[in-house]
Amino acid sequence: MVSTPYPGSPDPLAAEAIAQGKRRRERRRTLTAYGFLLPSFVFFFIFLIIPLITVVYLSFTNYNIVTAPQWVGMDNYTRLFQDPLFWRGLRNSFIYLVVTPILITLSIALAIVVNRKLRGIFVFRTIYYIPAVTSVVAVGMIFEIVFAEPSGLINGVLLALGWIERPLNFLTHPDSTLISVMLVTIWRGIGFYMVIFLAALQAVPEELYEAAAIDGANRFQQHLYITVPGIRPAIIFVAIISSISALKVFEEIFVMTDGSAGVLDSALTLMFYLYRQGFVNLNAGYAAAIAVIFTIVTLGFSIANLRFLERGSRDNR
Amino acid sequence: MKRLTLILLIVALAAVVTNVTFAQERPDRPNRDLTGVFWNPSQADYDRWRVIDGVEEGAEIRFWPWALTPDFEDYLNQIIKNFEATYPGVKVIMEGQPAAGARDNIRNSFAAGNPADVINMSDGWVAELAEAGVLMNMDEAVGAAYPEIRAEYVDGAWTKVTFNGVSYHIPWYLALSNTMAVNTLILEELGLTLEDLPKTWEESFAFAKRVREESDGKYYLYSFPWGELAGLGVLNAFVGEGIPVYNDDRSQVIFNTEPRAAGILAAYKEMLDNDYIPRASLTDDVREMIDRFSEGEILLLQTGPQLLRLVRENNEEVYNSLKLVNALVGEANIRNIGGVQTLVIPKDTKFPKAALAFAIFVTNADTQTAFSREVPIYSSNLKSYDDPFFQTTGTQLTDSLRPLAKEYFTTAVNTNILNFPRLSEVEQIVLGEFQAALLGVKSPQQAADDMAGRINAVLSSQ
C-alpha cells in the first residue's frame, strides 16, 4: 500500500525530485571544481609525484645516468651512512641554518628603518631589494671579486690602509669558505625578507606604540613587545622558508667555489654532495639516496620548526 | 623607383648568395688558404678521401662539435660539404654544442637513447662513457679494420684515454704543452733576460722566491689552476719527475713509495706558506689563472698557445709583450701529450660506417691542416705535418711553434693519467689529499700515502 500524503504535506516524489536536482547540481559543481583542479593536478603529478617516486626507486639502484639502472637494494643507504662526506655535508647544511636567525633579525631591523614616512624612502626600499632580484651567478661573481686575494675589494682596501699585512683568506681557507658564502646568502636575502616584514609592519596598529610610549616604554621595548608579537605570523613564515632555503643552498656555493665546494670540501653541503655524486661522478642511484634522506630531513625540520614557532605563538596569546 | 628597388633587391640577394656559397677571406684567419685542397677540392681529392668501405647509402648522421660554433662554422660547413661530396648519399646534420653545459647534454642524450652519431668531446670526458660501455671500440673499428689509417694518428693521442686497454675515441685536434708564455714587461722591470728563466721545476722553486723578493712582493713567478686541474696536474708532476705512478701490471698506484712524491708536495707547501705563489691558486681554474696573468702580476703562463687569445682579449699590452719559451720540465724530461679533443661514436648508432667515415674524414690530414690554418691548434694526423705550412713561421706569436710541432708530437708520450676507472672520483681524491698537504692538515708523506691508498681502493673495487 502506497501511503497517501496528508493534505499540505510535501509530495515525496517532488521532494525526491528536488533532492535529486540538488544532488545533480552538487555533483556538477564538484565535477566543475575537479575540472578546474585537473590541469594543475596533471602538472603536479607529472612533474612532482612521478619524479618523487622515481627518485625513491632510483635510490635502490646503481644508476650511472647513461645506462639502465640495476637494483642493489639497500646498498646505497648502507654506504651513505658510512660515508664521511655525507656527514660533513649534513653538518654543513645545518651550520648553514645560522643564516636564518641572522636574516630574520637584520630584515626586521631594516624593515623597521624603512617603515617611516620619509620623502624618498621608496628609493632605499628599492635599493635594499635589488640583491633579491639579481642573478645569483652575478652576485657570486661580484663577491668573488670582493673576496679575491690578494687584491680584491676588501683585501685591497685593508692592505692599502695598512690594517692587515697579509690578505684575508676568505675563499682559500677551510675555516672561512663556508662563512664567506653564508655572508653572500645573507646579503642576498635581507632585501627579500625585508619586504615581507615591511608588509607585516603596516598591519601593526599605530595606537599600540602610542600607548606604550605613554606607559614609558622606550623604542627597543616597543619593538620587542609590540612589533615582534605583531608580526609573528610573518616571522614564522620567514623562518620556515629561509631555513628550507638554507638547507637547500647550492648556487652560491657552486659559483663562489667554482664548482669545487671549497678547499678540503669545506663548503660541501648535502645538496652540493648530491650534485657531485649525481652529475660529476655519475652515481645517480647514490645521489637519489642522498635526495631521499635530504627530503626527510627537510620535511622533519620544517614540521618541527612550524610546531615550535606555533607553540610559542599560542603561549604568548 | 620600382626599378631601383629591384636592383637593390638583386644586389642584396647576390651578396647573401655569395656569402653562403663561397668561402670568404677572413682578416682574423690570415693563414686560411682558399686555393688549397680543403677549400677548393677536386674530384681526385674526393676519391682520395674516400677510405671507409660499406658506408650506408642514404645515411643521415648528426654531428655535435663542441665549443666551435659559431666561430668556426664556415670551416665546419666546408668539412660537411667535402664529406657529402666524398660519400654521396650521406647527409650530415651539424648541431653545435656550447662550451658550457655540453657534458650534461651528452650524458643526457645517452640516457635518452638519442645521442648524436659523432660527438666531439674533451679527452677527460671519454672515460666515463667508455666505462659505461656505450662507445664504439676504435681499436676494432679502425685499428683492426684499417691499420694503415690508425698508423696516421699521433700514438699518444690515440691512447690518451683507454678503458681496459682499449681506445674508444679518434683523436682530433691537439694542444702543444711544451711551451709557456713570458711577460717580458716584468722580466725587463726585474732586469732579467729569457736566459735567466728556470728550465726545470726544481729550479723554478728557488726562482719563485727570487721573483717575489726582487719585486718587493709585486710579482709572482707563476700561479696554478689547482681548483680545476690539481688531480691531473699532481699526477703529471709525479710522472714528469720520473716517479712511477703504477706498479707493473697497473693494478695499483705506488707513487707514494717514492719519497720524491712527498717532496713535491712539500715544495708546493713551502711556496704557498711563504707566498711565493698566489694563494688563490688553491681555488683558481684555468680561466682565472689566465686572467691573473693578464693583469700583469705573473711572469710565466703555462697553458696551451691556443688560449693566449684570452690574454689578448683581456690585456693587449701584456699580450704584445709575450714571448714563448720551452715549458718547465721535470727531472725525467718527459714531454707528454697535452689536451686532446676527441671524436666518439655511440656503439648503438644506426649508421656505424657513415659515422666512422665522417670521424675519419674530420681527422684526415687535409681537413686538419686546414683547421691548423684557422687557429693555432695542432693536427692529430701525422701526415698533416708533411704539408709545407708546418715548416713556415708567420707573423703571429704562436706561428713560431709550427715547425716544432711534428717533432714534438712524434716524441711526446702519453702519461696514462686519464686511464683510471671512476676518473672523477680519483680526481677528487687527489685534489683533496693535495690540499690537505698544502694546508698542513696532513704531512706530505701522509697525504701521498692516503692519496695512493684511496686510489687503490677505487682500483680494487673494479
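Residue numbers restart at each chain and count upward from 1, following the sequence in its written direction. To label them, take the chains in the order written and letter them from A, then take the ligands in the order written and number them from 1. Local features in a predicted model are, by the rule used here, given only for residues with pLDDT of at least 70; side-chain atom pairs are given and counted only at 80 or more, and totals for whole chains, interfaces and linings are based on all residues. Where side-chain values are given, they derive from all heavy atoms of the structure, hydrogens and water being excluded.

Regarding the confidence of the model for chain B
Residues and elements named next belong to chain B. Counting all residues, the mean pLDDT for chain B is 90, and 94% of those residues have values of 70 or more. The score called pLDDT rates the predictor's confidence residue by residue, from a low of 0 to a high of 100. We call two residues contacting when some pair of their heavy atoms lies within 4.5 Å. Confidence drops under pLDDT 50 across residues 15-21; counting only partners more than four residues distant or on other chains, this segment forms three contacts. Two numbers describe this predicted complex: its pTM, 0.83, and its ipTM, 0.81.

Let's talk about the domain arrangement of chain A
When the parts of a complex come together, some accessible area is lost, and that lost area is often taken as the interface size. The split into domains, and so the bounds of each, comes from an automatic or database assignment of domains. We note that the domain assignment places domain 1 (12-58) and domain 2 (78-144 + 171-316) within chain A. On a C-alpha basis, the centres of domain 1 of chain A and domain 2 of chain A stand 37 Å from each other.

Topic: the environment of Thr61 of chain A
Residue and element names in this part refer to chain A. By secondary structure assignment, the location of Thr61 is in strand β1 (residues 61-62). For Thr61 and Ala213, which are 152 residues apart along the polypeptide, the C-alpha to C-alpha distance reads 65 Å. Aside from chain neighbours lying at most four places away, what touches Thr61 is Pro69, Gln70, Trp71, Val72, Asn76 and Gly285. Polar contact is defined as a pair of N or O atoms within 3.5 Å, subject to the rule that within protein one atom must be able to donate a hydrogen and the other to accept it, and that residues adjacent in sequence are counted only when both atoms are side-chain atoms. At 2.7 Å, the side chain of Thr61 and the backbone oxygen of Leu58 are in polar contact. Under the scheme used here, helices are H or I runs from DSSP no shorter than 4 residues and strands are E runs no shorter than 2 residues, and both carry numbers assigned from the N terminus.

Overview of the environment of Arg32 of chain B
Residues and elements named next belong to chain B. For Arg32, the position within the fold is in the loop between α1 (2-21) and α2 (43-49). Given a relative accessible area of 7%, Arg32 falls into the buried group. Sequence-wise, Arg32 and Phe371 are 339 residues apart; in three dimensions their C-alpha atoms are separated by 8.7 Å. Polar contacts involving the side chain of Arg32 include one to the side chain of Asp74, which spans 2.9 Å. Separated by 2.8 Å, the side chains of Arg32 and Glu374 make a polar contact. Classification of residues uses two cut-offs on accessible area relative to the type maximum, computed with a 1.4 Å probe and protein chains only: under 20% is buried, over 50% is exposed, and between them is partly exposed.

Re the side chain of Asp45 of chain B
Residues and elements named next belong to chain B. Structurally, Asp45 can be placed in helix α2. You can call Asp45 buried: its relative accessible area is 10%. A distance of 2.9 Å separates a polar atom in the side chain of Asp45 from the backbone nitrogen of Ser42.

Focus on the nonpolar core
One finds Tyr222, Phe238, Phe255, Tyr268, Leu299, Phe420 and Ile455 of chain B to be the most contacted residues of the largest nonpolar core, which totals 88 residues. By residue number, the principal contributor to this core is helix α19 (residues 423-438) of chain B, which donates eight residues. Side-chain atoms within 4.5 Å are what join buried Ala, Val, Leu, Ile, Met, Phe, Trp, Tyr and Cys residues into a set we call a nonpolar core. Membership of the second largest hydrophobic core comes to 66 residues, among which are Phe197, Ile253, Ala267 and Ile290 of chain A.

Focus: the interface of chain B and chain A
Taken together, the contacts link 29 residues of chain B with 26 residues of chain A. When two parts are brought into contact, each loses some accessible area as probed by a 1.4 Å sphere; the total of that loss over both is the buried area. A combined buried area of about 2,000 Å² lies between chain B and chain A, and 52% of that area is made up of carbon and sulfur atoms. Any carboxyl oxygen of Asp or Glu that lies within 4 Å of a side-chain nitrogen of Lys or Arg is treated as forming a salt bridge with it. Joining chain B to chain A, the criterion identifies zero salt bridges. Our enumeration of links across chain B and chain A arrives at ten residue pairs in polar contact (both at pLDDT 80 or more). For the side of chain B that touches chain A, the elements supplying multiple residues, two or more each, are α4 (102-111), α5 (123-131), α12 (259-273), α13 (286-294) and α19 of chain B. The element contributing the most residues to the side of chain B that touches chain A is α19 of chain B, with six residues. Residues were grouped as follows: Ala, Val, Leu, Ile, Met, Phe, Trp, Tyr, Cys and Pro as nonpolar; Asp, Glu, Lys and Arg as charged; and all remaining residues, including Gly, as polar. Tallied by class, residues from the side of chain B that touches chain A come to eleven nonpolar, eight polar and ten charged.

Considering the sheet that holds strand β9 (residues 322-326) of chain B
Residue and element names in this part refer to chain B. Strand pairing is assigned whenever DSSP detects at least two bridges linking the two strands. Taking strand neighbours across the sheet as the criterion, the three strands line up as β8-β7-β9 in an open arrangement whose pairing is antiparallel. The open sheet has two edge strands with one neighbour each: β8 (300-301) and β9. Bridging between strand β7 (residues 179-183) and β8 involves two bridges; their strand directions are antiparallel. Within β8, the residue paired with Val182 across the bridge is Leu300.

Topic: the sheet that holds strand β11 (residues 378-379) of chain B
All names here are of chain B. Read across the open sheet, the six strands follow the order β2-β1-β3-β10-β6-β11; overall the sheet is mixed. Two strands in the sheet have a free side with no partner beyond their single neighbour: β2 (91-94) and β11. In terms of strand pairing, strand β1 (residues 60-64) meets strand β3 (residues 118-122) through two bridges, oriented parallel. Bridge pairing in β3 places Phe63 opposite Val118. Angles shown run from 0 to 180 degrees and are taken between the N-to-C directions of axes, each axis being a line fitted to C-alpha atoms and, for helices, limited to the stretch in contact. Running at roughly 140° to β3, α4 makes contact with β1 and β3 of the sheet.

Focus on the pairing of β1 of chain B
Residue and element names in this part refer to chain B. Judged by how many residues are buried, β1 sits mostly within the fold: four of five residues are covered. Here four bridges tie β1 to β2, and the two strands are oriented parallel to one another. By the bridge assignment for β2, Arg62 is matched with Ile93. Look down the strands so they point away from you; if the path from the first strand over the helix to the second goes clockwise, the crossover is right-handed. Handedness of the β-α-β unit built from β1, helix α3 (residues 73-86) and β2 comes out right-handed.

Re the packing of aromatic side chains
Between 30 and 60 degrees the pair is tilted, below 30 it is stacked and above 60 it is edge-to-face, where a pair is any two Phe, Tyr or Trp rings, Trp via its six-membered ring, whose centres lie within 6.5 Å. A complete count under the given rule lists 52 aromatic pairs over all chains for this structure. With a centroid separation of 5.6 Å and an interplanar angle of 80°, the aromatic rings of Phe72 of chain B and Phe371 of chain B are classed as edge-to-face. Here Phe371 of chain B lies in helix α17 (residues 365-374) and Phe72 of chain B lies in the loop between β1 and α3, a separation of 299 residues in the sequence. Centre to centre, the rings of Trp172 of chain B and Tyr173 of chain B are 5.2 Å apart; their planes meet at 70°, and the pair counts as edge-to-face. Residue class for Trp172 of chain B comes out buried when judged on its relative accessible area of 0%. According to the relative accessible area criterion, Tyr173 of chain B is buried, its value standing at 12%. Only when the NZ of Lys or the CZ of Arg is both within 6 Å of the ring centre and within 35 degrees of the ring normal is a charge said to sit over the ring. Sitting above the plane of the Tyr286 of chain A ring, Arg79 of chain A keeps its charged end 3.8 Å from the centroid. Positioned above the aromatic ring of Tyr220 of chain B is the side chain of Arg212 of chain B, whose terminal nitrogen or guanidinium carbon lies 3.7 Å from the ring centre.

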